[in-house]
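Letter by letter, the chains look like this.
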Amino acid sequence: MSEQCIRWDAHNQALLDACLDRVLSSPIFEKSHRQQALFRYLVKETLLGNAQRLKGYTLGVEIFGRGTDFDPTNDAIVRVEVGRLRTKLREYYNLHGRTDEVLFNLPKGSYAIDITLQNASAITLEQVVSELKVFPNPMEQAASLAVLPFTNLGANHDQEYFVDGIADNLIFELSRLSALLVISRQSSFAYRDGKKSAKEIGKELGVRYLLEGTAQISENRLRLTVRLIETSTETYVWAERYESTLHELFALQDEITLSIVKALQVKLSPAEAELFGHEGTESIEAHDALLRGMACHWKYSPKFVAEARIHFTRAVELDPYYASAHAWLARTLLFQWVMRWDLDDNLRFEALKHAQKAVEINSKLSYAQSMLGWANLWLKQRDASIAACRQAVAMDPNNFEAHIFLSMSLSAAGFGVEALYYMEKAQRLNPHSSPFYEYTLGLAHYVLKNYDKAINCFKRGCALSATFPPNYVYLCTTYALLGMEEEMRTSRDAFLSIVGGNKAIIEPPWTDEKLAEEYERLIQLAGLR
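Computed from a predicted model, the values in this text were never measured in an experiment.

What follows covers the overall build of the chain. Broken down by element type, the chain carries 24 helices and 8 strands. Out of the 529 residues in the chain, the part that is buried amounts to 55%. Within the chain, counting contacts between residues at least 6 apart in sequence, those at least 24 apart form 62% of the total. Accessible surface, the chain: about 23300 Å² in total, of which carbon and sulfur atoms supply 50%.

Printed below as a string of structure tokens:
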């Protein structure tokens, strides 16, 4: 193989990485996420010397999420996708890559990548990196937007959750539009204090526009002022005032969303145009209960999550056909069980029931599909979990959490390469990190045996929150795996201190048998069982 003749020093490796990124960011590959994941996997395994294990069965299970009973002779997924990859590589080199410094070829009859390095001595890394600008990141080409938390002008500060819910819903509605890149709630809400300028926020989040607003609730009346700002010039592109009753909130939110779409000149597909007018409930009381529950859930503590469960249960009781309420109730039930705050094993099955109901009510709701995947993960239904989570990402490519849930379901099954790919996509949607993000990213690195990177992720997660135990647990078990006893004891003591000494350890997500067995061994070794 050609790559055996190459001296893979740091310079040549950097050239390879840069050229690989150039191929995958080209117009040939930019919208083919499955092909990107497949190609990265084949290159990585080839360079690791694992060409012999690149079989149809292995690719079907590790890349395409097929079950352990996968039969390549009956299911053509691998042959079809590898054939598409060969075609795309030929097209890329015919149109764009004839002068690339590193050439990739996928010979017929093989899954190993043939890698050729040409004229390396005359090439600088700076030249290669500068040429990458020929194919800008497709996400950066889209209209990009962050919705900031609205300011509550009312005298009642207890209504903060409702005002946050208005911005939340706008993020949800706008994120479903394929021509618009919308930053996640977690990152945009980090600017609640208003201390930074629009230009500073735009630069930090990598967005062209900000949406800001004020809200005032008085008895049954709602007054909103909404402004769209271009971050580079800090000028208003569009602004409007609205007034309605609370019971007209859903129609008002649709009106605002469509006004933003018009101001940004975003073209809607027929399917996207049909999304408006389907908020899922006509009960403002059920919606209010949902928003109260969300405000509690985000605090991630036993007390507030239990309170969130009460609110979501009430929302479902007020409107049994409110898909979002069923999905959120499923999430909270699972979170209580996974964290071992409620040891009732029936919670998993109850959560699955609500997730299934949410999908039954609204099969087009990405969040419902994510929760269906999440529920199946904790019931160890690997294939069903991955399939539902994939569907969620396909429905809403802007949904940060959909990428996180899919990545975790893939890591749990041992598919680290693809799991890491979705975490990298999630990072663009959520530039500000979180304990859950670092935990899920750490799991992907752990599965790939990138233990130093996994440790760094878990440590960052611990620094971000002292009330999110998973990062402490997996930091401890990773240290145990590496024989770093002093660090293991320190992280174990830190975990036990935040859970009050309770060894009712959080539930592991593993659906891969070997990873599950390894986790149990490490838990014992770390003294956490």
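The subject of this paragraph is the nonpolar core. One finds F39, F104 and L224 to be the most contacted residues of the largest nonpolar core, which totals 164 residues. Top contributing element to this core by residue count: helix α14 (residues 323-338), with 11 residues. The residues contacting F39, other than those within four sequence positions of it, are L20, V23, L24, L85, L89, F104 and I113. Formed by 10 residues, the second largest nonpolar core is a distinct cluster that contains A198, V207, L210 and I229.

It is worth spelling out the packing of aromatic side chains at this point. Inspection of every chain in the model, using the stated rule, returns 24 aromatic pairs. Relative to Y474, the ring of Y439 lies with its centre 5.4 Å away and its plane at 50°, an arrangement referred to as tilted. Placement of Y439 in helix α20 (residues 435-447) and of Y474 in helix α22 (residues 469-482) is noted, with a sequence separation of 35 residues between them. The exposure class of Y439 is buried, given its relative accessible area of 4%.

For A384, the location among the structural elements is in helix α17 (residues 382-395). A384 sits in the partly exposed class, given a relative accessible area of 36%. Between the alpha carbons of A384 and W374 there is a distance of 9.6 Å; along the sequence they are 10 residues apart.

A separate point is empty space enclosed by the protein. According to the stated counting rule, one finds 1 cavity of 30 Å³ or more in the structure shown. Each pocket or cavity is described by its volume, and for the largest cavity that value is around 190 Å³. Considering the residues around the largest cavity, the lining is formed by 16 residues, among which F335, V338, W374, F436 and F468 are closest to the centre. Contributing elements (two or more residues each) for the lining of the largest cavity: α14, α16 (366-378), α18 (400-412) and α20. Looking at the lining of the largest cavity element by element, the count peaks at 3 residues for α14. Tallied by class, the residues present in the lining of the largest cavity amount to 13 nonpolar, 1 polar and 2 charged.

By the element assignment, E81 lies in helix α4 (residues 77-95). With near-sequence residues (within four places) excluded, E81 lies in contact with R34, Q35, L38 and F64.

Here we come to the pattern of salt bridges. Overall, the coordinates contain 20 salt bridges when judged by the stated rule. A single network of salt bridges, built from pairs that share partners, joins E160, D164 and R192.

In this section: the packing of α20 against α22. Two numbers describe how α20 lies on α22: the axes approach to 10 Å, and their chain directions differ by 25°. Taken together, α20 and α22 sit at an angle that is classed as roughly parallel. Along this stretch, α20 crosses α22, giving a crossing that reads as left-handed. Contact residues: P435, E438, Y439, L443 and Y446 in α20; P470, N471, Y474, T478 and L481 in α22. Across the contact of α20 with α22, the residue classes break down as 7 nonpolar, 2 polar and 1 charged.

Our focus in this paragraph is the packing of helix α15 (residues 346-361) against α16. The contact between α15 and α16 brings their axes to 8 Å, and the two run at 155°. Here α15 is positioned roughly antiparallel relative to α16, judged by the angle of their axes. Where α15 crosses over α16, the handedness of that crossing is left-handed. Contacts between α15 and α16 involve R348, A351, L352, A355, Q356, A358 and V359 from the former and A368, Q369, M371, L372, A375, N376 and W378 from the latter. A class-by-class count of the residues in the contact of α15 with α16 yields 10 nonpolar, 3 polar and 1 charged.

If you trace the backbone, M488 turns up in helix α23 (residues 485-498). Relative accessible area serves as the criterion here: at 8%, M488 is assigned to the buried category. In this structure the C-alpha to C-alpha distance between M488 and C476, which are 12 residues apart in sequence, comes to 4.9 Å. Residues within four places of M488 in sequence aside, it is in contact with C476, Y479, A480, L525 and A526.

Where strand β7 (residues 221-230) and strand β8 (residues 235-245) come together, 10 bridges link them in antiparallel fashion. Bridge pairing links L228 to W238 in β8. Between the end of β7 and the start of β8, which pair antiparallel, lie 4 residues, with E234 showing a positive phi angle near 60°.

Parameters and conventions
Residues numbered from 1 in each chain as written. Predicted model: local features only at pLDDT ≥ 70, side-chain atom pairs only at ≥ 80, totals over all residues. Heavy atoms only, no water. Helix = DSSP H or I, 4+ residues; strand = E, 2+ residues; numbered from the N terminus. Buried < 20%, exposed > 50% of the residue type's maximum accessible area, 1.4 Å probe, protein only. Contact = heavy atoms within 4.5 Å. Areas by Shrake-Rupley, 256 points an atom, 1.4 Å probe, with all protein chains shown as cover. Core = buried A, V, L, I, M, F, W, Y, C linked by side-chain atoms within 4.5 Å. Phe/Tyr/Trp six-rings, centres within 6.5 Å; stacked < 30°, edge-to-face > 60°. 1 Å grid on protein atoms, 1.4 Å probe; cavity = no way out; pocket = protein on both sides within 12 Å on 5 of 7 lines; lining within 4 Å. Points joined across faces, edges and corners; volume = space filled by probe spheres on them. Nonpolar A, V, L, I, M, F, W, Y, C, P; charged D, E, K, R; others polar. Salt bridge = Lys/Arg side-chain N within 4 Å of Asp/Glu carboxyl O. Axes fitted to C-alpha atoms, helices over the stretch in contact; angles between N-to-C directions. Parallel < 35°, antiparallel > 145°, perpendicular 65-115°, else oblique. Left-handed = near helix turned anticlockwise from the far one by under 90°. Pairing = 2+ DSSP bridges.

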